[in-house]
Structures are given as C-alpha cells and as structure tokens.
Amino acid sequence: MFKKQDELSRRTFMADTARKCLGVSVLPMFASKGIAATGGAANFAPMRPKAAKSVIFLNMSGGMSHLDTFDPKEKKDVMGPNTAIATNADGVRLSQYLPKLAGHADKIAVINSMTTRQGAHRQGQYILHRSYAPRGTIVHPVMGSWVMRLSGKRNSTIPGFVMVGTRDGTSTSGYLGPKFAAVPIGDPHSGIEDSHLPSGVSEDDFDRRLKLAEAMNTRFKKQFDHKKVQGYENLYRDAIQLMKAEDLKAFDINEEPSDVAAEYGESRFGQGCLLARRLIEHDVRYVEVTYGSWDTHYDNFTNVEEKCVVLDEALSALLADLDRRGLLESTVVALGTEFGRTPKIVEHHQMGRDHYPKAFSHIIAGGGIKGGQTYGETDSKGMEVENNPVTPQMFNATIAYALGLPLEQEIYSPSGRPFTISDKAKPVTALF
Amino acid sequence: MKLVRRLTPSLFLLCLAALWMAAPHARGAIDFKSRILPVFEKKCFDCHGAPREEGGEVKSPRAGLRLDSAKGILRGGEGGAVISPGSPDDSVLFQMVSQRSSHDDFMPKEGDGLGPLEKLYLKKWIAEGAVFDGWIGNEEGLGDASAAPSGSKAKDAGAPGEGAQVAMVPKKTPETTPVPAMKDPPRAMKGTPATVNFQREVLPFLKRSCVDCHRAPYEEGGRVKKPKAGLRFDAARAIIQGSGEGPVLVPGDPDESEMLARVSLPEDDDDFMPPDGDATPLSAAEKEVLKRWIAEGADFGGWVGNEEGLIERLPEAPTSSEPSAAELLAKQVKGASAQDLAAVTATGASITQVAVGNPLLRVEYITGESAVTDADVAKIGAIAGNVTELDLSETGVSDEGLAMLSGFDKLTYLDLHNTAITDVTIDHIQKLGYLEYLNLYGTSVSDASLPKIAKLRKLKAVYLWKTSVTEEGAGKLRQALRDAKISF
C-alpha cells in the first residue's frame, strides 16, 4: 500500500520536474503542421452557418455562490447583507456586487437552473470540464481538447488551446493524447515561458545544434520506433516553429495600450482576460482563464464582495472590448463553476456558505447567444431548480453547438470505448 | 497458369474500362490518376517521394518506400511489398491507412488521415488489381525493379515487380475516361429546373432499401437498436449530417457522395449497400435517379422526416419567416473550382465552408496578415461568387485593391478593421445588398460614408470604433438602421 503511494508520488515528481524543467507539458500542443499549407485554419466546416469560432471560458473555481452573484433573491434570510440590483436588460437582475456588469447585461444570458450531483471540488471541476464523471481507469479530455480534436487549430503557428492560471494537475487532453492538450500559462504577464532563443545563440547556431541533435537521435529512433518517440520529435519541431512565430506577440499583453489594459483592472484575472482577448484576436480557438478561491465556507459576504470587484471589472471590460472590436459574434464567452453555495447561511462560520450542487448559476454570451435573458429559475430561496434544469453536460453541449461542432460524433478511446463531446447531452438552443 | 491468373484481372479490367466508356458511371473501375494519385500526392508524397535536398541534406524516402511512381509503389519499402494487387486486406498500404489513427503504424504520420471515400477508392483500386492505367510517375533515382530489397516479402506477395509489367499493359489503350476532379456543373446549376422529386422518386427506394437499418433508435425485444454507423436516412437533416465518420451526401457532387458510391459498388464488395440479403439493392434506374438528385443539389422539397432524437433545430427568429441570406445564397452558387481555390490559398488565405454541405465560403487571413497585399487579395476575385464571408482585417490592402469588392455580390460578412482603407472603399461596397456584418474599426472611414452604409438595409452590426466617424454621424446611422447594432 505504502509502496504504491511512494511510486505514485515519485511519478508525479518526475512529471512535475519534466514539466518545469523541460516545458514538456507546454510543448506537445504545437502539433499538426499538416494544415499550415492552407494558410492556417483546418478545413473544418461547422454544422451550421454563422457558427462561433472561439471560446473564452472563465472558470470560477471553488464553487461560486449563485445567490450572491447571478441569482439574487428578495428574501433577507438567504441574502444576508446582499441585495439585488436592476440591469440594462429587463430580463436580468444581478447582485449588488456586480454594478459594472449591470451595464452589460444586454450582452449576457444568465442560466440560473444549473444543477449537478457532484458536491466535491475535484469531481465537480472534472465534470464541468469533461462532461463525464471521473473514473479510475481513464482520463477524459476537457472541452478545449475536444474542440481541438473536432475542429482543429485556426492559427497554425501558435497553440490552439490555452489555459491561464490553472493549477489542476490532471492531463487536459486525457485519452486524446498530448497533441490536444492545453498550453498552461501561470502568469498572464510572462507569456509562454522559454519560448525565445537564449541570448547569444544566433538562429544559424540554433539550427546547427538542432541538426546535430537530429543526427544523434536517428539511431535511437530507429531502434525505438515508437509513437511517443515520434511525438517528442514533433514536439521539438513545433516548439521551434513557435519560437519563430510572428503571432507569438499575441501572448505579450505588455504590447497592449495602457488605457485598454487598465480597463481590465490590475488583477491577475483581469490581465488573464485581456490575454484571452488578444489570443482570440489571433485566432486561438479555446482559452480558459481560471479565477479561484470561491470556496467561501467562512465569511462568505466579505469574500464574495471582494472577489466580485475583480470579476465585475474584468468581465465588463472583456465583454465591452470584444463587442467594440466586432469579436463577440464569433466568440463564446462562458462563465462556469463546479457548484453553488448553500442558501442557508452558516452563522457560526462568520456568515459562511457551504457547497451546494443542487442549484447554481452560469452565464454565457456571444457566439450567437441572445443577450439580456435569464434561462431557468430557482425557487424563492435559491434552493431548488423550478424549471428548465441545465446540467454541466448540457452547458458544454451548448458551447459545442455554438461552435457548430458535431455533437453526436463518437471518438474512441485507445481502449475502444466511444465518447462524445458532451456525453450526448442536448444543447440549450433556446438561448440562441 | 500463373500467367493466366495474373492476366485475368487486367483483362477483366480492360473489359470494365470498356464498359465504363460505353456507359459512363455504370459501376466504373477506379481511375488511378483522378482517384488515387491526388490522394497520394496530398497525403503521402511528402515522406514517400524521391530523395530530395532540403537544407543541404538529402532526405530519402521514409522506410525506403516511394509512392511517386508505379514502380516504387509496386516495389514496396524496406519491409517488403505494400500492395498485393487484388487483395486490399493483404496490402500493408491499405492496412496502415485504414486502421485507427491512434495506432502506432497509422499513416499518414502527420496531417489528416484518408477520408472514408478515399479509403473506399483505394480499397477498390487495389481489389481491381492496382492498375496504373499508363501512369509511370517519377522514376528518378529508382533502379530497375529487380533491385528491390532481396528477401523482402515482394516475392511472395504475387511478385509485384513483374506485376508492374502486367499492370502497365493498358498503357497503350486509349485514355480510359480519367474522371476529372471537377466535373461539369450539376444540371440544376446550369439553370435547368430541378427534375427529381425527392418524395416521389427517391424516398420510396430509400425506405425500401436503407431505412430499416438506418433510422432513429428504436426498441426491439427489450433492447434499443441504434442506427447502423450512426447514419439515418429517415430525416432530411440526418441525411445531411451523415454518419459517425462524416457526411455521406455532398449536394451537387455525386462523385463525392458516399451514399451513392456505396450502392454503386459491385454487389459482392464488402462495402456494398445494402449488405447481403438485408434488403433489395437499388436498381440501375434508381441509382441514376439518386445520382441526378444529388447532382441537382439534393433538394428535399420540404420533406423533413422523423426528427426524433436529432439535435434540436434552432428556433426560428421571429423576424425571419423567409429563409436566411446564407440559405438563399447557397442555392444560387455552384462549388468553386479547385484551381481557383488553390490560387487563393497560395496567397496564404484560409478558405473554409461556412457550413457542412454549403458551397458558400469564408475567406480570411489568419496569420501573416501584414504581408498580404492588393495583388494577393485580387486573386480572391476568381471565387468572388462563392464568398459570403471575407475577413481582410489587419492586412495591407488599400482602396485601390478593394475596388474588386463590388463583384462580391454574395457577401454577408466583411471585416476590414485596422486597414488603410478610406471612404473610397465604401463606394465599392454600397451595392452589396446582403451585407449583415461590417467591421470598419480602426480605419479612417468618416461621416461621409454613413449615408451609403445606411442603404445596406440588411446590416445587423456595424463597427465604427476608432474611426473618423463622429458621435452625431453614428447617431444618424442608428436612426437609419434601427435594427442594427452600431458600435461606436
């Protein structure tokens, strides 16, 4: 038993070291140059015209309180010090912690009937991203990897799927393999690490070194003609392409005019949203930005209010910025969390709220979604979903539908099991 | 005896070829040059071509296998022969491209694998004896066939080295109908009214021969029966959607429509539909009707079928009781020619269909936009009639180069943000009556253009941020285009 655990941690350690020292998890993404010849986009034709082209997924990790954000109620006993405010759209009411966003409610659809059975963080995040419940024997791919698998990159010179500020150690692409994995970015300010030539090495020198490495590897590759060996070779080549890519400046938010950068706020999440917009502009398909610490068991109201200052500023700026650039039509902006928080306030935890998977809220905007609407309702206390329940799988199906992806297309895992992008869930087409 | 056996298939093929000429499209032999060669060129030549110099180094063909000449294909690679004429299942080449892409031996190693139709053609071609029909290819650097690696499987696999001689006999026969990739424009698109009535002429034999296996999931004996291959023929949208592997119907193009290819195979072929004894095969007349129906654009004539279990349809927008612009326009165009498409792609443009089964295109520059010039963009003019979405944002285009825009009469989406264009360009687009999306942010377009823009009544969104347009001008435009979003 102990031995097994030791081995596991040793493996984790190795993987971690490889990632940190070699950038291994960063690199496998830059795959598939086959489509470069066509100028960039894969020859993906969506299932319907006017489909969206990219996704910005905002992951509120930790479990965002629905009552204190997108599903505020009149009843004082569940709202504590918080209250609801009107917005610029008749169909949407928000918590008073989101005053700026109230000016952009005409762009968003709020779903107040989210529901799941996963009440623990890891499981909840897993199903939110992967549409399947975790199993011991398989790792399911996240939405971004699915999107890459079904529709390919748009811009061949830079990664197609980027995750900003995520700390989840589970493989993003699961059984789809490293080719479809996310490129993780820790700090939006530093861009992709180690993506530049070391100083003092000219491009010629660099090419020569590569050739030398290639020559030394030839025998090894012959001897071990294995997919993974080949995979690593591709990884190097694609990484090199990236280092030379003009589009790499998409990752550099320091190039952004200071007034625009300021609109998003100084926070890491705000700057992550700014980076997401730059990446989408350069035709990256899927960007996820994580904003954590919503796990407000203690002192819910102070914490949520603080968190909302950042969210309010960043999300408002993102929506407005995408809109004025004409990008909101082709970009789905989705905000999700693993579950909501209890309507009942736990007083002896300084007015805290616990996990509540039965009812919570997501929002979705752009990409053909009709703004200014609320879909689904909870009862007057935010306890039960009253109508139009939406599961995380249906939410993912809705994103996939917006992108014109084939929802019923089965992809087989290496063990031969069929999977679909959102576990055969139906999209909520009423939102469009 | 051996000789006879070897000759028989090719004699048979000659007969087939003659048949093909007499009754084109009856159930033709696969033409190597038009059906197989382009696939090899696109997916295999990169690694399996003649040795070439790249960056001062000679790159030899992978695994010693060359697919760029008949000799090379028959000789095989280091591991021996790769095709066994007459027997696709014993042919390594076919095995490698048809297994799961996750398999270590899957080919091609890079880029997309072969499509279902391409695999079908390849299989059929090998089954028919792998005839090259006079094609020789690039023999540069190839010794004579006897120099094939000794001890290879080449000998046991029907001695393809010699087979090459046999297979190349038809060399002197007249050209046996090379089926060009782009055929005559389908009838309906030439202006003749559509003649095939789907419900009266096509649906009855689909129901008789196909729907039993290919229909919505149903219960039988307590078990849910799913449609075979995920393919359903019981609803119009399901037919368009195709199977789990992709579309089976390409409206306007019978040759690319797998549903026709499958029923047209020889009846003893493994891939023939309907399979053995399951249902009555299509008669020759029915196949002809099916082909015509596809050629005419696969019009379902309002037939919907059984929508149960299909992904829900978009609710109709309240204002659009008429078909959307994209749907209307799609009916007016035929597919662009491969040549023209290639010329546009060569400028670095990316071209995509706006939707599955829709001949309208989106053209955009995704990377290296700043290097795009008027001369590049001029090339798009050749496919102007097919383009409904055009994104030239961030490129180096000028007013002069965009004079050609007046010819893009199907345009619904035009993005010119952050380019050097001025009011002059607006003159060129003021007649584009289908335009719904116009993005001009970051250009020097001014109030002078707004009355012209206001004439584009279908506009739903106009982007004028960071232009010379004034607040007053934007206000007037908002009044003129009440239903449109004017972003300023």
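Before reading further, recall that the structure is shown in the block above.
Residues numbered from 1 in each chain as written. Chains lettered and ligands numbered in written order. Predicted model: local features only at pLDDT ≥ 70, side-chain atom pairs only at ≥ 80, totals over all residues. Heavy atoms only, no water.

### Examining the pattern of salt bridges
In step 1: Within this structure, the stated rule accounts for 41 salt bridges over all chains.
In step 2: One salt bridge connects D323 of chain A with K485 of chain B, and the closest N-O pair in it is separated by 2.6 Å. Of this pair, D323 of chain A sits in helix 9 (residues 300-324) while K485 of chain B sits in strand 11 (residues 485-487), which puts the two residues in different chains.
In step 3: Using a relative accessible area of 12% as the deciding quantity, one classes D323 of chain A as buried.
In step 4: If you follow the salt bridges from partner to partner, you end up with K50, R154 and D283 of chain A together with R362, E364, E389, D391, E436 and K460 of chain B in one network. (Salt bridge = Lys/Arg side-chain N within 4 Å of Asp/Glu carboxyl O. Helix = DSSP H or I, 4+ residues; strand = E, 2+ residues; numbered from the N terminus. Buried < 20%, exposed > 50% of the residue type's maximum accessible area, 1.4 Å probe, protein only.)

### Quick look at the pairing of strand 1 (residues 54-60) of chain A
Residues and elements named next belong to chain A.
In step 1: Counting buried positions along strand 1 gives seven out of seven residues, so the element sits mostly inside the fold.
In step 2: Across the two faces of strand 1 the burial is the same, with S54, I56, L58 and M60 and V55, F57 and N59 all buried.
In step 3: Sheet topology places strand 1 next to strand 8 (residues 331-337); seven bridges connect them, and they run parallel. Bridge pairing in strand 8 places L58 opposite L335.
In step 4: Relative to strand 7 (residues 286-291), strand 1 is paired through six bridges, and the arrangement is parallel. Along strand 7, the bridge assignment pairs I56 with V287. (Pairing = 2+ DSSP bridges.)

### With respect to the side chain of N439 of chain B
Residues and elements named next belong to chain B.
In step 1: Mapped onto the elements, N439 comes out in strand 9 (residues 437-439).
In step 2: The exposure class of N439 is buried, given its relative accessible area of 0%.
In step 3: Polar side-chain contacts of N439 include one of 3.2 Å to the side chain of Y437. (Polar contact = N/O pair within 3.5 Å; in protein donor to acceptor, adjacent residues only side chain to side chain.)

### Looking at the packing of helix 2 (residues 32-43) of chain B against helix 5 (residues 116-127) of chain B
Residue and element names in this part refer to chain B.
In step 1: The N-to-C vectors of helix 2 and helix 5 enclose an angle of 120°; their axes lie 10 Å apart at closest approach. In terms of their interaxial angle, helix 2 and helix 5 are classed as oblique. Here the hand of the crossing between helix 2 and helix 5 comes out left-handed. The segment helix 2 lies against helix 5, with F32, R35, I36, V39, F40, K42 and K43 engaging E118, Y121, L122 and W125.
In step 2: Tallied by class, residues from the contact of helix 2 with helix 5 come to seven nonpolar, no polar and four charged. (Axes fitted to C-alpha atoms, helices over the stretch in contact; angles between N-to-C directions. Parallel < 35°, antiparallel > 145°, perpendicular 65-115°, else oblique. Left-handed = near helix turned anticlockwise from the far one by under 90°. Contact = heavy atoms within 4.5 Å. Nonpolar A, V, L, I, M, F, W, Y, C, P; charged D, E, K, R; others polar.)

### Overview of the sheet that holds strand 9 of chain B
Residues and elements named next belong to chain B.
In step 1: Within the open sheet, the seven strands sit side by side as 5-6-7-8-9-10-11. Their pairing is mixed. Looking at which strands have only one partner, the edges of the open sheet turn out to be strand 5 (350-353) and strand 11. For this sheet, the mean angle separating the axes of adjacent strands, direction not counted, is 10°.
In step 2: Of the strand pairs in this sheet, strand 5 and strand 6 (residues 361-364) are connected by four bridges, and their pairing is antiparallel. If you follow I351 over to strand 6, its bridge partner there is V363.

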